[in-house]
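Inside the fold
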Number of protein chains: 2
Amino acid sequence: MEAHESVLSERKKQILKAIVDAHVAGGEPVGSKVLMQQIACSSATIRNEMAELEEMGYLEQPHTSAGRVPSEMGYRFYVDSLVEHYAMTAREIAQINQALKAKMSELDQILTTASTLASNLTNYTGFALKPRSRALSVSRFEAIYIAPGQFVLVMVADDGSVKTRNVKLDLNCDSASVARLAATLNRYMTGRLADEITLPTMVAMEEAMAEDGALISPVIKIIYETMNESDRGELKVTGVDRLLEYPEYSDASQLKGLLGALEQKNDLMEMISTAAERDPHGVVIGSEASVKEMNNSTVVFKTIVKDGKPIGAIGVIGPLRMDYARVLSTLDGLSGNIADLLGEGAAQLGDGGVTVTDQESEDDNNGRQKGQNGNRG
Amino acid sequence: MEAHESVLSERKKQILKAIVDAHVAGGEPVGSKVLMQQIACSSATIRNEMAELEEMGYLEQPHTSAGRVPSEMGYRFYVDSLVEHYAMTAREIAQINQALKAKMSELDQILTTASTLASNLTNYTGFALKPRSRALSVSRFEAIYIAPGQFVLVMVADDGSVKTRNVKLDLNCDSASVARLAATLNRYMTGRLADEITLPTMVAMEEAMAEDGALISPVIKIIYETMNESDRGELKVTGVDRLLEYPEYSDASQLKGLLGALEQKNDLMEMISTAAERDPHGVVIGSEASVKEMNNSTVVFKTIVKDGKPIGAIGVIGPLRMDYARVLSTLDGLSGNIADLLGEGAAQLGDGGVTVTDQESEDDNNGRQKGQNGNRG
DNA sequence: TTTAGCACTTGAATCAATCGAGTGCTAACC
DNA sequence: GGTTAGCACTCGATTGATTCAAGTGCTAAA
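First, a word on what this report is: a plain description of the structure on this page. (Residues numbered from 1 in each chain as written. Chains lettered and ligands numbered in written order. Predicted model: local features only at pLDDT ≥ 70, side-chain atom pairs only at ≥ 80, totals over all residues. Heavy atoms only, no water.)

**A word on the protein's contact with DNA strand D**
Ser32(A), Arg68(A), Arg11(B), Thr45(B) and Thr64(B) are the nearest of the 20 residues found near DNA strand D. One nitrogen or oxygen atom from the main chain of Ser65(A) is found 3.1 Å from a sugar or linking oxygen belonging to DNA strand D. With respect to DNA strand D, the side chain of Arg68(A) contributes an N or O atom lying 2.8 Å from a phosphate oxygen. For the surface near DNA strand D, the secondary structure elements donating two or more residues are α4 (43-56) of chain A together with α4 (43-56) of chain B. (Near = heavy atom within 4 Å. Polar contact = N/O pair within 3.5 Å; in protein donor to acceptor, adjacent residues only side chain to side chain. Helix = DSSP H or I, 4+ residues; strand = E, 2+ residues; numbered from the N terminus.)

Set out below in structure tokens:
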């Protein structure tokens, strides 16, 4: 592959690079004229060079009267020898960091899964919607020593949900420090929103921890993040690709428009909450939707109710000619299952009656009594 | 809305329903001839009825010489009065149950997020790949009593990772039972794969628990599920819709084919592992791919390395004319961030040097020392 | 070796002609 | 009165010819 470089003159490389760049940017075959701006010679010269590059296999002509397009070999050479380094912006880097750190609550996971299921089972695009939920305060702390500098923090929230965090510090804390930490947290932090912790409280806690005072600050941050992470309202959309096989969306622009409308989560939430009032089925057909881009589509949804309050919704979006029977019963089934999982189905217990939730488990998930049966056999 | 029913004759309802069903199934306007099979009268009669239904607003004609299509009002009536109940198959119900119960490991979450980020930042379709990983055994158990019948189970796995489960049973276990449970688990279960637990061991554990013997069986199941959940190899694909705006994929069938190929996860894994050997950049251009459907697309990926071993990959898929510079650096940045999160980046510690992971945290995540800095301020 | 100029090629756009599916309407029928 | 057969009619889709324009290859001059 390095042989390329010795064969291609500097100017050929320039031209090849310019062609790749232009074609990547514009998508059209690139002609000799546009290249004149970047290469310091006439179009005829460039044409000659391009003819040679084509002969060598780096370029292709879709047809005689079109410009040139890089061949696969051309792209390969570009990637191997011509790509310039692109430096990510600080903004992009920050975005990566933030997004990767964010955890998914269990409700989020369930809703995502439900959206995927709705899509899979109906062959339309699925979505799941979660309204904002309030921040929680912690009513009880426990801390379990795991290893030097490492412990598990267990938080029982004011709604009865339990969250755990595996914490590692590079501070030297032992079993005793961890126990003291739990005691201190229980004394100063219980019943308070993490927002409400004032500097004096922090200082008091650090004093109470004596030589382990350094633990407080990072731990408070962790608690803050944990108790607030459930606070994002969100819309998940899955299975967009399924709509591709419906001729209604065969022109990509149509679908693109619909998806763009979906990005306006507020509109969708608004639509669903109003539709839920007047329509028992949760079916919004075409122009019944307030959003123009949805006027050629149908939205079918079902709210998920927990303790009598709607805590989210799942649904599907597809063409007007939707298989309503199937969609309606699928959503019914799904929402029932979710309600069960979230603890509405307290009655249906099997052998042992076990409920298991992972640590994130009861994020956004208040007042649960019994959940799904943990036994699978 | 109920007024409809009194206005429409039984035959009109039949015809409307038949039209909706046929149109939903076939996508084409439906003519009077095809309806003859379902309605017991001649095409002329049906035409008369259709003309009336159109007059009333339930049907529409795309043009004079086409068949009829339901109007929005027609669909509305269908949904309100004509849909037949569709009963889900046992298979579908099982699928729902299983999928909703499955938890996502942290690695899964990170990879999903990474895939989304790759897609967002590059404007191509992103993917993330995770090979199967081995099951873990537990080297230490802890149990924290929360409430009657409820406790948090903390498991330190043989690779040093920590997992926690919030367990609720409808058995009457108190603080002492929970403590005894931990002791018993530590005595009989440490160092073993959950698969290896034999019936005699179970019996011995139940005996050791005396009157709380009933705890053992459900708890073993929980441990089993927890330690094996990381075992699924998987491919996540996100941002399919981004490809819609590239003319290369403007005919939906092209894109559909590509996506179909992506479903063959094994092919992709194969491709990536072979490509990773011979190509330092991880760029597969067009026909370099072994899969035919990808011959008009480029796949760029980057393996994620942890402790010297590849534990997954992230990448993007898009047209040949891809913005390689941007894609390559984005994937570099992402994979670096992921490696840090997973504990490779032990060196880069900031103030406090805090590592936080939630319970699922170190799923598939062995030998970590220090991770990313937990402080955000 | 580069460049200006010109004939040439060829997909895309435009337009007319043809085709056919399905209708509306009329008249006969039960 | 409701139903049905028959037929003229409509109108989008398909096909084919024509034009248009972008971009080339080649030749001859610099």
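**Details of the protein's contact with DNA strand C**
Residues in contact with DNA strand C amount to 20 residues; listed here are only the nearest, Thr45(A), Thr64(A), Ser32(B), Ser65(B) and Arg68(B). Taking Thr45(A), its side chain carries an N or O atom lying 2.5 Å from a phosphate oxygen of DNA strand C. Within the backbone of Ser65(B), one N or O atom sits 3.1 Å away from a sugar or linking oxygen of DNA strand C. Mapped by element, the contributors of at least two residues to the surface near DNA strand C are α4 of chain A together with α4 of chain B. For the surface near DNA strand C, the leading source of residues is α4(A), giving four residues. Split by residue class, the surface near DNA strand C holds four nonpolar, 12 polar and four charged. (Nonpolar A, V, L, I, M, F, W, Y, C, P; charged D, E, K, R; others polar.)

**A look at the relation of the copies chain B and chain A**
Overlay of chain B on chain A (RMSD 0.3 Å): rotation 180°, translation along the axis 0.0 Å. When the rotation and shift are considered jointly, the pair of chain copies conforms to a two-fold rotation axis. A share of 100% of interface residues in chain B that are also interface residues in chain A marks the association as one of identical surfaces. (Least-squares fit on C-alpha atoms with pLDDT ≥ 70 in both. Contact = heavy atoms within 4.5 Å.)

**Description of the nonpolar core**
In this structure, Met294(A) and Met294(B) are the most contacted members of the largest nonpolar core, which totals 152 residues. Aside from chain neighbours lying at most four places away, what touches Met294(A) is Leu258(A), Ala261(A), Leu262(A), Leu268(A), Met271(A), Gly286(A), Ala289(A) and Val299(A). (Core = buried A, V, L, I, M, F, W, Y, C linked by side-chain atoms within 4.5 Å. Buried < 20%, exposed > 50% of the residue type's maximum accessible area, 1.4 Å probe, protein only.)

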